Structures are given as C-alpha cells and as structure tokens.
Amino acid sequence: MKSVLLPLSAMLLASAMVIAPASAEEARIDIVISPSTVNLDMKGVWVTVHADIPYSLVGHDVLVTLNAVPVKSTFADNRGDLVAKFPVGDVAAILTEYVGEEVELTLSGTAADGTEFYGTDTIRVIQSSKK
C-alpha cells in the first residue's frame, strides 16, 4: 500500500508544480491578438486582445498595456475572460519600423489581487502603400 501512495503523492506534487505560475506575484496567460496582421495603412479602429484570464480577476479599473500602449476599453467575453481594446493608430505607431516582419507583442497588467499577468502573441506587420 505504501508503494502506491508514495508515487501518487509524488505525481500530485509534480503536477501542482507544473500548473503553478513562475512566482506568486506573476502569472503567464495565453492571448490572441486580432487582427493577426496589422496593416499600417488600415482604417480600422481597434486592435483587440482576447486574454485567457477571468475578467472578474482583473476588473475594469486595472491598467492593461500592449507593449506600453495603454488600453482604451476592457470587458468580459462570452466565457467571462478579459477582452482589451487598443486604438489601432496607437498600436501602429509602435510598429512602423517592423514592416514586413513578424513581431511579438506583450499584454501585461495587474489583477485585483496584485498578481501581475502577461501574455504574448505574434503578429505580422505590413503596409499597403509606401509613403
């Protein structure tokens, strides 16, 4: 009986270590940025980030940024997760030197309990006309 319990407890401990964040004050989350290709000449209004963190943990008063661009609006999606909207012009302004490249952008913020969270996604940067 002891030989079965010892491996089981070791497996439980190992699985707890895998799903725990890097530290108690920081958590990595999955994000998806839309559009996945940013055209610097596009006429759209928003770059939208869907984050795999419950909106109830973040709330509407938290500061969320995308590569230092401050969020304009946050709300919960139909699953209750965070959606963050950033003005497309503000995001395009930080991407001008990356035309023709793939760029990794990072969403970061602080949850209501003080835990810092971050997530990254890769987008393409294009420009339809040369200026």
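Everything numeric in this text was worked out from a predicted model, so none of it was measured.

Caption draft 1: Main features of the nonpolar core. Within the largest apolar cluster, 29 residues are counted, with the highest numbers of intra-cluster contacts made by Leu 66, Phe 86, Leu 95, Leu 107 and Phe 117. Where this core is concerned, the elements lending two or more residues are β2 (31-34), β4 (46-54), α2 (55-58), β5 (64-66), β8 (81-87), α3 (88-93), β9 (102-110) and β10 (116-126).

Caption draft 2: Focus on the confidence of the model for the chain. Summing up the model confidence of the chain, the mean pLDDT is 82 and the portion of residues at 70 or higher is 80%. When mean pLDDT is taken per element in the chain, β2 scores highest with 98 and helix α1 (residues 2-19) scores lowest with 34. This model gives residues 1-23 a pLDDT under 50, and the stretch forms 3 contacts once residues within four places in sequence are excluded.

Caption draft 3: Local environment of the sheet that holds β2. Ordered in space as β2-β4-β8-β7, the 4 strands form an open sheet in which the pairing is antiparallel. Of all the strands in the sheet, the pair left with one neighbour each is β2 and β7 (73-76). Taken pair by pair, the neighbouring strands of this sheet meet at an average axis angle of 20 degrees, ignoring direction. Of the pairings in the sheet, the one linking β4 to β8 comprises 6 bridges and is antiparallel in character. Bridge pairing links Val 49 to Ala 84 in β8.

Caption draft 4: Region of the structure containing the side chain of Thr 74. Along the polypeptide, Thr 74 turns up in strand β7. A relative accessible area of 16% places Thr 74 in the buried class. Aside from chain neighbours lying at most four places away, what touches Thr 74 is Tyr 55, Gly 59, His 60, Leu 82, Val 83 and Ala 84.

Caption draft 5: Expanded view of the pairing of β4. As paired strands, β2 and β4 are joined by 4 bridges and run antiparallel to one another. Pairing of Val 32 across the sheet is with His 50, part of β4.

Scoring rules and cut-offs
Residues numbered from 1 in each chain as written. Predicted model: local features only at pLDDT ≥ 70, side-chain atom pairs only at ≥ 80, totals over all residues. Heavy atoms only, no water. Core = buried A, V, L, I, M, F, W, Y, C linked by side-chain atoms within 4.5 Å. Buried < 20%, exposed > 50% of the residue type's maximum accessible area, 1.4 Å probe, protein only. Helix = DSSP H or I, 4+ residues; strand = E, 2+ residues; numbered from the N terminus. pLDDT = per-residue confidence, 0-100. Contact = heavy atoms within 4.5 Å. Pairing = 2+ DSSP bridges. Axes fitted to C-alpha atoms, helices over the stretch in contact; angles between N-to-C directions.

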